[in-house]
Amino acid sequence: MKAVIFDLDGVICFTDKYHYLAWKKMADNIGVYFDETINNRLRGVSRMASLEIILERANRKYSQEEKEELAKYKNDYYVTLLANMSENDLSDEVRETLIALRNRGYKLAIGSSSKNTKTILKQIGLGCFFDAISDGTNITNSKPDPEVFLKAAEYLNEKPADCLVVEDALAGIEAAYRGGFKSAGLGEAREHQEVTYKLDSFKDLLNVL
């Protein structure tokens, strides 16, 4: 392996609670039921695809223009919540492991469907840490499509076979597999049949690389 590509939410830091609060506020405004079980289906999924999942319970159809307004409403509120994030949202374990990987000579990148990736990284003190960032601003297909990871490998000037993807979502492991990457899974991602390494903790990366 020459490089490591990390998902952001649930791997480097945890923004699930902010996503949930923002989607919940939007759903409540239009009278659509939304709970944490539905929210779990949104992990690793793009904003518009997430909205489609939520609107499965809507009692009417929404136009594309209306959907874009709803997505914007959710994101605007989400961004205000991100202002609460700080370097305290980056655990010592993640920080120390990233530094250790850097010292071992690995190229490091982010591969996230989020369009707020750069904002989040800046908030937690990693704004300039990674060699490349591939996120929702430069892709058209969300996971399980491998595009976000393929773009990250391209930015790093490395072949997928030489990159390890670190994910916590099943869709992320599926994307890595489809793209020809080896993968390391945390949480539910450990259960994907195609995951290469099952991690009990983030620091376990130091044992597989």
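None of the values given here were measured: they were computed from a predicted structure.

In the segment running from Lys143 into Pro144, the intervening peptide bond is cis, with an omega of 20 degrees. Structurally, Pro144 can be placed in the loop between strand 3 (132-134) and helix 7 (147-156). Positioned with a positive phi, Asn157 is a non-glycine residue whose angle comes to about 60 degrees. Tracing the backbone shows Asn157 in the loop between helix 7 and strand 4 (163-167). The exposed category is assigned to Asn157, whose relative accessible area is 66%.

What the rule picks out here adds up to five aromatic pairs. Where Phe149 meets Phe181, the ring centres are 6.1 Å apart and the plane angle is 70 degrees; that geometry is what we call edge-to-face. In this pair, Phe149 is assigned in helix 7 and Phe181 in the loop between helix 8 (170-179) and strand 5 (182-185), connecting sequence segments 32 residues apart. Both residues of the pair, Phe149 and Phe181, belong to the buried class.

Glancing now at the environment of Glu147. With respect to the helices and strands, Glu147 occurs in helix 7. The buried category is assigned to Glu147, whose relative accessible area is 15%. Through-space distance from the C-alpha of Glu147 to that of Gly125 is 26 Å; in sequence the pair is 22 residues apart. With residues near it in sequence (within four places) discarded, Glu147 still touches Asn138, Ile139, Thr140 and Asn141. Among the polar contacts made by the side chain of Glu147, one reaches the main-chain amide nitrogen of Thr140 at a distance of 3.0 Å.

One pass over the full model with this rule turns up 14 salt bridges. The closest approach of N and O atoms between Glu56 and Arg41, which form a salt bridge, is 3.1 Å. You can see Glu56 sitting in the loop between helix 3 (47-54) and helix 4 (64-82) and its partner Arg41 sitting in the loop between helix 2 (36-40) and helix 3, a full 15 residues away along the chain. Look at Glu56 and you get exposed, because its relative accessible area is 51%. Classification of Arg41 as partly exposed rests on a relative accessible area of 44%. As a salt-bridge pair, Lys143 and Glu167 come within 2.6 Å of each other at their nearest N and O atoms. In this pair, Lys143 sits in the loop between strand 3 and helix 7 while Glu167 sits in strand 4, placing the two residues 24 residues apart along the sequence. Assigned by exposure class, Lys143 and Glu167 land together as buried. Salt bridges here are not isolated pairs; linked through shared partners, they connect Asp7, Lys143 and Glu167.

Parameters at a glance
- Residues numbered from 1 in each chain as written.
- Predicted model: local features only at pLDDT ≥ 70, side-chain atom pairs only at ≥ 80, totals over all residues.
- Heavy atoms only, no water.
- Helix = DSSP H or I, 4+ residues; strand = E, 2+ residues; numbered from the N terminus.
- Buried < 20%, exposed > 50% of the residue type's maximum accessible area, 1.4 Å probe, protein only.
- Phe/Tyr/Trp six-rings, centres within 6.5 Å; stacked < 30°, edge-to-face > 60°.
- Contact = heavy atoms within 4.5 Å.
- Polar contact = N/O pair within 3.5 Å; in protein donor to acceptor, adjacent residues only side chain to side chain.
- Salt bridge = Lys/Arg side-chain N within 4 Å of Asp/Glu carboxyl O.

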